[in-house]
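# Descriptive analysis of the structure
What follows is each chain in one-letter form.
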Amino acid sequence: TISSIARVAGVDPALVRYYFNSREELLMAVIEDILATWRFNHPSPAAQPVAKLSAVIRDIADFALKVRSMQRLLVEECANAKSPEVRRRVRELNAGVISRWALLLHNEHPGSIKPTDPLFMHVAVIGMCEFFAAAQNMIMPLVPEGAGGKDLAERYKDFIVSLVLDGVRSKVEPWSVKGPAAA
């Protein structure tokens, strides 16, 4: 509730209600603040598309691991909010992200990356990162004893970067062209 959030923040609940008309508006403001203060990697504008895509994917994975359930909050609490203003802000936020994906995927190096739908790329990368972050209690018992969470997270980031990049590179040959013995 807004009252419990206010108590944890050490402020009067009336003050929070004054600035935020609903819990949804408060959550959206918190989400926007987290996103505004998050330190994303910014590869050089001259960097190759693969380096830029790799940095974005790693950032999303780091974000999912450190700010768990943020996407779930956006989907469950804000995207279907009663407040039209909150729903509008969620749409704008996601449209901005998809526009950035479009810029990365349809870059100044024609032919280096296959045409890829930026919406589906966004959904796929978020899904892979969010599930890995949310499923730690299921994943950790399956890894070799002594494997640390940080090492596993780095290996997973390498895996999804490779998976995504191999999927969008235009020069990758499918296994069927190489033949089953080479695969």
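Let us look at the structure shown here.

What counts and what doesn't
- Residues numbered from 1 in each chain as written.
- Predicted model: local features only at pLDDT ≥ 70, side-chain atom pairs only at ≥ 80, totals over all residues.
- Heavy atoms only, no water.
- 1 Å grid on protein atoms, 1.4 Å probe; cavity = no way out; pocket = protein on both sides within 12 Å on 5 of 7 lines; lining within 4 Å.
- Points joined across faces, edges and corners; volume = space filled by probe spheres on them.
- Helix = DSSP H or I, 4+ residues; strand = E, 2+ residues; numbered from the N terminus.
- Nonpolar A, V, L, I, M, F, W, Y, C, P; charged D, E, K, R; others polar.
- Buried < 20%, exposed > 50% of the residue type's maximum accessible area, 1.4 Å probe, protein only.
- Arc of directions from axis to C-beta.
- Contact = heavy atoms within 4.5 Å.
- Core = buried A, V, L, I, M, F, W, Y, C linked by side-chain atoms within 4.5 Å.
- Expected span 1.5 Å × (residues − 1).
- Polar contact = N/O pair within 3.5 Å; in protein donor to acceptor, adjacent residues only side chain to side chain.
- Phe/Tyr/Trp six-rings, centres within 6.5 Å; stacked < 30°, edge-to-face > 60°.
- Patch = residues over 30% accessible without salt bridge, like charges linked within 9 Å, V, L, I, M, F, W, Y side chains within 5 Å.
- Areas by Shrake-Rupley, 256 points an atom, 1.4 Å probe, with all protein chains shown as cover.
- Salt bridge = Lys/Arg side-chain N within 4 Å of Asp/Glu carboxyl O.

### Here we look at the layout of surface pockets
In this structure, the largest pocket encloses a volume near 710 Å³. Taken together, 23 residues form the lining of the largest pocket, with F40, V56, I60, V97 and R100 sitting closest to its centre. Those elements that provide at least two residues to the lining of the largest pocket are α4 (49–66), α5 (70–78), α6 (84–105) and α7 (118–134). Residues of the lining of the largest pocket, tallied by class, amount to 14 nonpolar, five polar and four charged.

### A closer look at helix α1 (residues 2–9)
Those residues of α1 lying buried are I2, S3 and A6. Taken around the axis of α1, the buried residues stretch over an arc of 100°, which confines them to a single face. Within α1, the exposed residues directed more than 90 degrees away from the buried face are R7 and V8. Those residues of α1 that are buried are in contact with α2 (13–19) and α3 (23–37). Remark: G10 follows α1 within two positions and exhibits a positive phi of approximately 75°.

### Quick look at the nonpolar core
Membership of the largest hydrophobic core comes to 27 residues, with the highest contact counts inside it found for L53, I57, W101, M121, V125, C129 and I160. Looking at this core, the elements that each hand over two or more residues are α4, α6, α7 and α9 (149–168). Examining the composition of this core, we find that eight residues originate from one element, α9, more than from any other. With residues near it in sequence (within four places) discarded, M121 still touches W101, L105, T116, V164 and V168.

### Section: α7
An α-helical segment advances 3.6 residues per turn. Residues three or four places apart therefore align on the same side. Compared with the 24 Å implied by 1.5 Å per residue over 17 residues, the 24 Å span of α7 between its first and last C-alpha is a close match. Considering only its buried residues, α7 is in contact with α4, α5, α6, α8 (136–139) and α9. The N-capping residue of α7, defined by a side-chain oxygen 2.8 Å from the backbone nitrogen of L119, is D117.

### Focus on the environment of T116
Note on placement: T116 falls in the loop between α6 and α7. Residue T116 is classed as buried on the basis of its relative accessible area of 17%. For the pair T116 and A102, spaced 14 residues apart in sequence, the C-alpha to C-alpha distance is 8.4 Å. Other than its neighbours up to four places away in sequence, T116 contacts L105, H106, M121 and V168.

### Focus on the packing of aromatic side chains
Throughout the structure, instances matching the rule amount to four aromatic pairs. For the ring pair Y18 and Y19, a centre distance of 5.0 Å and an interplane angle of 90° mean the geometry is edge-to-face. A relative accessible area of 64% means that Y18 is categorised as exposed. Through a chain of ring-to-ring contacts, three or more aromatic side chains come together here, namely F132, Y156 and F159.

### Here's the deal with a nonpolar patch on the surface
Taken together, the side chains of V11, L15, Y18 and Y19 define a hydrophobic patch exposed on the protein surface, amounting to about 460 Å² of accessible area. Along the polypeptide, Y18 turns up in helix α2.

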